[in-house]
Amino acid sequence: MARWCYQHRLVVLLLWVGALFGLGFSASTAGTNYANVFSLPDTDSKSAYDLMQQAFPTTSGDTDTVVWKVDQGSVRDKAVQDRVQPALDRIAKMPGVGAVTSPYTGPRGAAQISRDGTIAYAQLTFAKQANEVPKDVVQKVVDTAHGAARQGLKVELGGQAIQRVEQPPQGLSEMVGILAAALVLFLAFGSFFAMLLPIAIAVFGVGMGLFSTQLLSHTTDIPDIAPLLASLIGLGVGIDYALFIVTRHRRGILRGLDPEESAVTALNTSGRAVLFAGGTVCIALAGMLVTRLRFLDGVVVGTSLTVVLSVLAATTLLPALLGFLGPRVLSRRQRRRLAAEGPEPERASGLAARWSANVEKRPRRIAALALVVMAVLAVPVLSLRLGATDQGNDDASTTTRKAYDLLAEGFGPGFNGPLQVVTKSGDTSALVKGIESTSDVARVAPFPPVKGVTVIQVVPKTSPQSKETDDLIDTLRDKVIPQAGAQAHVGGVTAISKDFASVTGDRLPLFIGTIIGLGFLLLLIAFRSLVVPLTAALMNLIAAAASFGILVAVFQWGWGLDLLGLGKEGPINAFLPVIMLSLLFGLSMDYQVFLVSRMHEEWVHTRDNARAVRVGLAETSRVINSAALIMVCVFLAFVLSGNSGAAMAGVGLAAAVALDAFILRTALVPAAMHLLGTSNWWLPAWLDKRLPHLAVEPGEDAPEPAEPTGRTTAVHGFVRTVEGDPVEDASVTLMSKGGRRLDRVTSLADGSYIVSVPAPGDYLLAVSSSSYGSKARHVTVTEGPVVYDVELTGDEVDAVS
């Protein structure tokens, strides 16, 4: 497939461009129809909602609020009314605005003015839902209302439609993330063209994913946060997957391969790992379905579709683009050096090799230090509290946050999240008296019954996000309503949020067990090992605990919120643990696959665990860290999205990826694998026979049988240091290309060795010494013995590819 895409690159490019523009045109024509479905079956708040639907069918439009406050006097003063009422009248006449309920008209007006007379509010109802109201209409409303303000008179607005115009321009966070990723890629590659490749793949994958999600919003319930999360995860995996393939392709060209052969090899090695990693991400995302939360179904659809398209772009469009670039995927300096000095030797040197050697020498110390760091970061997770964010968590400079605070000041903290006690039978007077006598209740307002349904509005003394409000809901349900002998249900946005958080918390263990079990099974089949998937599962749990600890410290405790410009502290969004665990699990599995697949490849060749872990870490740590740095930049850019849920997910995932890549995969995992030794690759024979074969690495070509020569030959020489000193007791192993050991000897006092060769052909010669490191080379044996001297430097790790 890679070769076909490379050779027919123009056809592939035109197909992708046509698909992107076709989907984009269709999506822009159809528009959006996102819907947030938080209600849950078999919950008390859902029962209350169903009763209210029978008696009071919801209005079609979004209801927002205009709030004003005077520093002196009263909002009833004629001077204040003469400024505010004309503005409200102009708003009422605007196209797209259904109605405006002013405190200065009608008998209900008095209830819209605070007791001290300094704060009042008006309700305005748009003709459509918030996401369907044109932004220019909402902006005119905001500008008209703000125009009534003057010295001593503050005017602010709140509501979902108003919040939309407060958010930064759509695409700003994505653009910032792409620019940050481009900078990291340019520093990593040193080539402008190579830097563009991962960006292009991400743009195609995310663009098609978002357009497809927008079209699907007309056929199924997809929440408005789904496209944000889809672009967040799509940008991260799209850039990373292309980065892994391009890195392998560049290495192949530097080793002397033709660009086409190098591209085919890169797709047949790293491309397979990309397919496997993308599959694990989709499986982890699909794990959200076991929670049976309708709100998350649309998130699964949007994010999974974007990941699939990103993988498809990396495995088909990328080889086509590599064909257009040819050797220009290298920097000019690399091309000049390749022309002057020839292919580079196959080795990993520098910081990555030195770090890998240090991990091998001090596995216990490094593992203990990494565990201590992760444990300290995980401590705050013990106080995790799930809930829902609202406009009280917006930045203090926004009009929505100012309106929220004014309403809380004038009418009490609970006014922003009143409860509705809904009943259909019996005398409600006893129920009203019971609610009024309950502590933490500020105000009770029963409405006249409609179609036999009575709604009692209950305003708590505490804010919608406080624990005391949650306790009040429990008190009403468990004590007050049963004592009054009524059949009633507690509903409202605050009660729905509490029930959503409770159900999410109850189903979280099942969800975690599902994704951990699926990941264990995948890694078990891929790497034919019990210990590797167990290690991966444990690391995922450690990473999740530490990242949620950071999330609690920042968003629940408020550490650094002002610095990040993220508003006020509050509970963690109830849906965030499921979404974050899915994404974290999928992304950490990516790094585990890329790291362990290289180790497994070396293990198959040499059967030397220490060497396999050392080579795997040395060769993959740099690209894993670069990929993680890109993801951190992309995720943190979503702090600029203006959406508190996306900002929370961005910070949490950025912390999770950083900890996973920089501490777990480059320190704790390899240190643990050194300590576990050959047991890393243990699998019972009976289980090995029953498991299907799913190879992340490509299968080796079957060697042609050698012509029988009737005699054996040999490879012999000396093992020396850089200074020319002989290396005694070095292990010298001759292996077939498939990794089967043919002969093994140890060098003598003068460093000499000799291994027997069964027949002419290509072989692998691996030499290792505890004092001077190791080296592996391809050796071609023709007729007669081959002399091959080996020099061990002690500061490099060679790879067998």
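Here the structure is shown first, and the text comes after it.
Now for a look at the structure at hand. What you see is a predicted model; the values in this text were computed from it and never measured.

### A closer look at the overall build of the protein chain
When helices and strands are counted, the protein chain shows 24 helices and 20 strands. The C-alpha extent of the protein chain, read off along each of the three principal axes, is 110 × 55 × 45 Å. Split into buried and exposed, the 801 residues of the protein chain put 55% on the buried side. A total accessible area of about 34000 Å² is found for the protein chain, and carbon and sulfur atoms account for 58% of it. A gap of 2 Å separates the mean positions of the 67 positive and 69 negative side-chain charges of the protein chain.

### With respect to the sheet that holds strand 8 (residues 441-446)
Spatial strand order, 8-9-7-10: four strands in an open sheet with antiparallel pairing. The sheet is open, and its two borders are formed by strand 8 and strand 10 (488-491), each paired with just one other strand. With strand direction ignored, the average angle separating the axes of adjacent strands in the sheet is 20°. The pairing of strand 8 with strand 9 (residues 454-460) spans five bridges and is classified as antiparallel. Residue pairing for strand 9: Val444 is matched across the bridge by Val458. Each of strand 7 (419-423), strand 8, strand 9 and strand 10 touches helix 16 (residues 429-436); the most contacted strand, strand 8, lies at about 165° to it.

### Concerning a nonpolar patch on the surface
Side chains of Leu183, Phe186, Leu187, Phe192, Phe193 and Leu196 sit close together on the surface and give an oily, nonpolar patch of about 600 Å² of accessible area. Going through the elements one at a time, helix 7 (172-189) and helix 8 (192-216) are the ones with two or more residues in the nonpolar patch. Along the polypeptide, Leu196 turns up in helix 8. On the basis of relative accessibility, which here comes to 36%, the residue Leu196 falls in the partly exposed class.

### Topic: helix 10 (residues 259-286)
Counted at 1.5 Å a residue, the expected span for helix 10 with its 28 residues is 40 Å, and the 38 Å between its end C-alpha atoms agrees. A maximum bend of about 35° is found in helix 10 at Ser270. Along helix 10, 20 of the 28 residues are buried, which leaves the element largely enclosed by surrounding structure. Of the residues that open helix 10, the one with a side-chain oxygen 3.0 Å from the backbone nitrogen of Glu260 is Asp258.

### Focus on the environment of Leu687
Within the fold, Leu687 resides in helix 24 (residues 685-690). Under the relative-accessibility criterion, Leu687 is labelled buried at 16%. For the pair Leu687 and Ser529, spaced 158 residues apart in sequence, the C-alpha to C-alpha distance is 9.9 Å. Every residue in contact with Leu687, bar those within four places of it in the chain, is listed here: Leu524 and Leu530.

### A few points about the pattern of salt bridges
Counted under the stated rule, the structure contains 15 salt bridges. One salt bridge in this structure joins Arg251 and Glu619, with 3.6 Å as the shortest N-O distance. With a gap of 368 residues between them, Arg251 in helix 9 (residues 226-254) and Glu619 in helix 22 (residues 609-637) connect regions that are remote in the sequence. Here Arg251 falls in the partly exposed class, since its relative accessible area comes to 22%. A residue is classified by how much of its surface remains accessible, and Glu619, at 13% relative accessible area, is buried. Of the charged contacts in the structure, one is a salt bridge between Arg614 and Glu360, with a shortest N-O distance of 2.9 Å. Of this pair, Arg614 sits in helix 22 while Glu360 is found in helix 13 (residues 351-361), placing the two residues 254 residues apart along the sequence. Residue Arg614 is classed as buried on the basis of its relative accessible area of 9%. Salt bridges linked by common partners bring Arg3, Glu260 and Glu261 together as one network.

### Things to note about the packing of aromatic side chains
One pass over the structure, following the stated rule, counts eight aromatic pairs. Ring centres of Tyr121 and Phe411 lie 5.3 Å apart, and the angle between their planes is 85°; this geometry places the pair in the edge-to-face category. Here the residue Tyr121 occupies a position in strand 3 (residues 119-126), and Phe411 occupies one in helix 15 (residues 399-411), the gap between them amounting to 290 residues. Neither residue differs from the other here; Tyr121 and Phe411 are each classed as buried. Each residue in the set Tyr121, Phe411 and Phe415 is aromatic and connected to the rest through ring pairs, giving one cluster. The lysine or arginine in question, Arg328, covers the ring of Phe193, its NZ or CZ lying 5.5 Å from the ring centre.

### Some thoughts on empty space enclosed by the protein
The full count for this structure, using the stated rule, is two cavities of 30 Å³ or more. Considering only enclosed or pocket space, the second largest cavity measures out at about 40 Å³ in volume. When residues of the lining of the second largest cavity are traced back to their parent elements, those giving at least two are helix 18 (493-527), helix 19 (531-556) and helix 21 (576-606). Grouping the constituent residues of the lining of the second largest cavity by class yields eight nonpolar, two polar and no charged.

### Quick look at the pairing of strand 17 (residues 773-781)
In the sheet, strand 16 (residues 761-769) pairs with strand 17 via nine bridges, with the strands oriented antiparallel. Considered in strand 17, the bridge of Ser769 is made with Gly773. In textbook terms, the turn of a hairpin is the stretch between consecutive antiparallel strands, and for strand 16 and strand 17 this stretch comprises three residues.

### Quick notes on helix 9
Here helix 9 contains 29 residues, and its C-alpha end-to-end distance of 42 Å stays within 8% of the 42 Å for a straight helix at 1.5 Å per residue. Most of helix 9 sits out of view: 27 of its 29 residues are buried. Positive backbone phi, at 105°, marks Gly256, one or two positions downstream of helix 9.

### Describing the sheet that holds strand 1 (residues 63-70)
Strand order in this open sheet of four strands is 2-3-1-4, and the pairing throughout is antiparallel. Looking at strand neighbours, the two that pair on one side only are strand 2 (97-101) and strand 4 (153-158), the edges of this open sheet. Across this sheet, the average inter-strand angle for adjacent strands is 20°, counted without regard to direction. Contacting strand 1, strand 2, strand 3 and strand 4, helix 5 (residues 135-147) crosses the sheet at an angle of about 160° to strand 4.

The rules behind these values
Residues numbered from 1 in each chain as written. Predicted model: local features only at pLDDT ≥ 70, side-chain atom pairs only at ≥ 80, totals over all residues. Heavy atoms only, no water. Helix = DSSP H or I, 4+ residues; strand = E, 2+ residues; numbered from the N terminus. Buried < 20%, exposed > 50% of the residue type's maximum accessible area, 1.4 Å probe, protein only. Areas by Shrake-Rupley, 256 points an atom, 1.4 Å probe, with all protein chains shown as cover. Lys, Arg positive; Asp, Glu negative; His and termini not counted. Charge placed at Lys NZ, Arg CZ, Asp CG, Glu CD. Pairing = 2+ DSSP bridges. Axes fitted to C-alpha atoms, helices over the stretch in contact; angles between N-to-C directions. Contact = heavy atoms within 4.5 Å. Patch = residues over 30% accessible without salt bridge, like charges linked within 9 Å, V, L, I, M, F, W, Y side chains within 5 Å. Salt bridge = Lys/Arg side-chain N within 4 Å of Asp/Glu carboxyl O. Expected span 1.5 Å × (residues − 1). Bend = angle between axes of the 7 residues up to and from the residue. Polar contact = N/O pair within 3.5 Å; in protein donor to acceptor, adjacent residues only side chain to side chain. Phe/Tyr/Trp six-rings, centres within 6.5 Å; stacked < 30°, edge-to-face > 60°. Lys NZ or Arg CZ within 6 Å of the ring centre and 35° of its normal. 1 Å grid on protein atoms, 1.4 Å probe; cavity = no way out; pocket = protein on both sides within 12 Å on 5 of 7 lines; lining within 4 Å. Points joined across faces, edges and corners; volume = space filled by probe spheres on them. Nonpolar A, V, L, I, M, F, W, Y, C, P; charged D, E, K, R; others polar.

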